[in-house]
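Survey of secondary and tertiary structure
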Amino acid sequence: MTKKEQSPPLDGPTSRGTAAPNLVAPAAQPRAEAPNLAPEGGQTSRGTAAPNLAASAAQPRAEAPNLAPEGGQTSIAPATLREMFHTLPPEEFKELARRQEIAEWRRINRFCGCCGAEMRRHENPEERAMVCPSCGYVAYPKITPAVIVLVTKGDSILLQRNSHYHVPYWSLVAGFVDPGENFEEAVRREIREEASIEVRDIRYFGSQCWPFPSNMMVGFRAEYASGDLRPDGEEVMESGWFTRETLPPIPRPRSLARALIDAWLAQ
């Protein structure tokens, strides 16, 4: 995944004293200190041995900031928005995220990317677009799609620890969709690049708006097909196959990676 900085950390770790999982680390790479994997979530429970779910202690309810109307330029600080991901009720955060994405889109489209002239709002108020009065270029809101996938191998799932993050927990393979790719091709490529394995039976799971700043996460499940697990040693520092009883620290609830993991736990 080449734009990891757009999926900032939101979650904290937990610890577990269980049997060691089957980990794979690049031979020439020293162990990275406390990387941070993008938060992903959903919440379920099981009657089996308790997995190591990241802490989700109750937090005081945050108040939604007084964001400018949809047409305004005002936006909120990224760190504040990240914190509100976990503290605001989901519907309130969804509306806040929508307004934040629109505000950010207007901010970066103040001037035409073709000729440099100052952009204006479309004359039709129902048309969400910025128009260049000089060359006629029209800019619409841009959404960047990214895939995230839970790979299973028997009773285990693939988790990895990423070098770009600062919180010591593990999450799923994820990456941005390249031009010309469909989602399934992006899934195969990202897994091949980050874990050096091939997968089969790719199945759609769900999606989630990820406003950091304007991504759309699209979730999948897949089955291991072939290859020896090997992290790339650049973005991914460690990879491993984990059972329900040997889960490492994983993301807190409410994001898509956690929802994928929880659905597997509930099987």
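For the structure, see preceding data.
Being a predicted model, the structure only gives us computed values, none of them experimental. (Residues numbered from 1 in each chain as written. Predicted model: local features only at pLDDT ≥ 70, side-chain atom pairs only at ≥ 80, totals over all residues. Heavy atoms only, no water.)

1. A look at the overall build of the protein chain
- When helices and strands are tallied, the protein chain shows four helices and ten strands.
- Moving toward the C terminus, one meets the helices and strands of the protein chain in the order β-α-α-β-β-β-β-β-β-α-β-β-β-α.
- Within the protein chain, the fraction of its 267 residues that count as buried is 47%.
- Carbon and sulfur atoms provide 51% of the accessible area of the protein chain, an area that totals close to 12900 Å². (Helix = DSSP H or I, 4+ residues; strand = E, 2+ residues; numbered from the N terminus. Buried < 20%, exposed > 50% of the residue type's maximum accessible area, 1.4 Å probe, protein only. Areas by Shrake-Rupley, 256 points an atom, 1.4 Å probe, with all protein chains shown as cover.)

2. As for the pairing of strand β5 (residues 144-153)
- Most of β5 sits inside the fold, with eight of its ten residues counted as buried.
- Inspection of the sheet shows β5 paired to strand β9 (residues 215-226) by nine bridges, in the parallel sense. Bridge pairing links T144 to N215 in β9.
- In this sheet, strand β7 (residues 173-176) lies alongside β5 in antiparallel orientation, the contact comprising four bridges. The residue of β7 that forms the bridge with V147 is G175.
- When β5 meets strand β6 (residues 156-162), the two strands line up antiparallel, connected through two bridges. Counted as the bridge partner of T152 is I157 from β6.
- Counted along the chain from β5 to the antiparallel partner β6, the turn is two residues long, and its residue G154 has a positive phi close to 65 degrees. (Pairing = 2+ DSSP bridges.)

3. Digging into the pattern of salt bridges
- Summed over all chains, the structure comprises twelve salt bridges.
- Its salt-bridge partner being R189, residue D178 comes within 3.5 Å of it at the nearest N-O pair. Of this pair, D178 sits in the loop between β7 and α3 (183-195) while R189 sits in helix α3, and the two are eleven residues apart along the sequence.
- The exposure class assigned to D178 is partly exposed, which follows from its relative accessible area of 33%.
- Taking the shortest distance from any N to any O, the salt bridge between R203 and E223 comes out at 3.7 Å. Of this pair, R203 sits in strand β8 (residues 198-210) while E223 sits in strand β9, and the two are 20 residues apart along the sequence.
- Relative accessible area serves as the criterion here: at 34%, R203 is assigned to the partly exposed category.
- Three or more residues are tied together by salt bridges with common partners; here these are D178, E181, R189, E190 and E193. (Salt bridge = Lys/Arg side-chain N within 4 Å of Asp/Glu carboxyl O.)

4. So, the environment of V218
- With respect to the helices and strands, V218 occurs in strand β9.
- Distance in space between the C-alpha atoms of V218 and V177 is 10.0 Å, their sequence separation being 41 residues.
- Those residues in contact with V218, other than ones at most four positions away along the chain, are A146, V147, I148, F183, Y204, G206, S207 and L256. (Contact = heavy atoms within 4.5 Å.)

5. Section: the pairing of β6
- Counting buried positions along β6 gives seven out of seven residues, so the element sits mostly inside the fold.
- The alternating pattern of β6 places S156, L158, Q160 and N162 on one face and I157, L159 and R161 on the opposite face, and all of these are buried.
- Where β6 lies against strand β10 (residues 236-242), six bridges are found, and the strand directions are antiparallel. Directly across from L159, in β10, lies its bridge partner G240.

6. Remarks on unusual backbone geometry
- For the bond running from F212 to P213, omega is 5 degrees, close enough to zero to count as cis.
- A positive phi is found at S196, a non-glycine position, where the angle reads about 65 degrees.
- Assignment of secondary structure puts S196 in the loop between α3 and β8.
- Phi angles above zero are rare outside glycine, and R254 is one such case at about 95 degrees.
- Within the fold, R254 resides in the loop between β10 and α4 (256-265).

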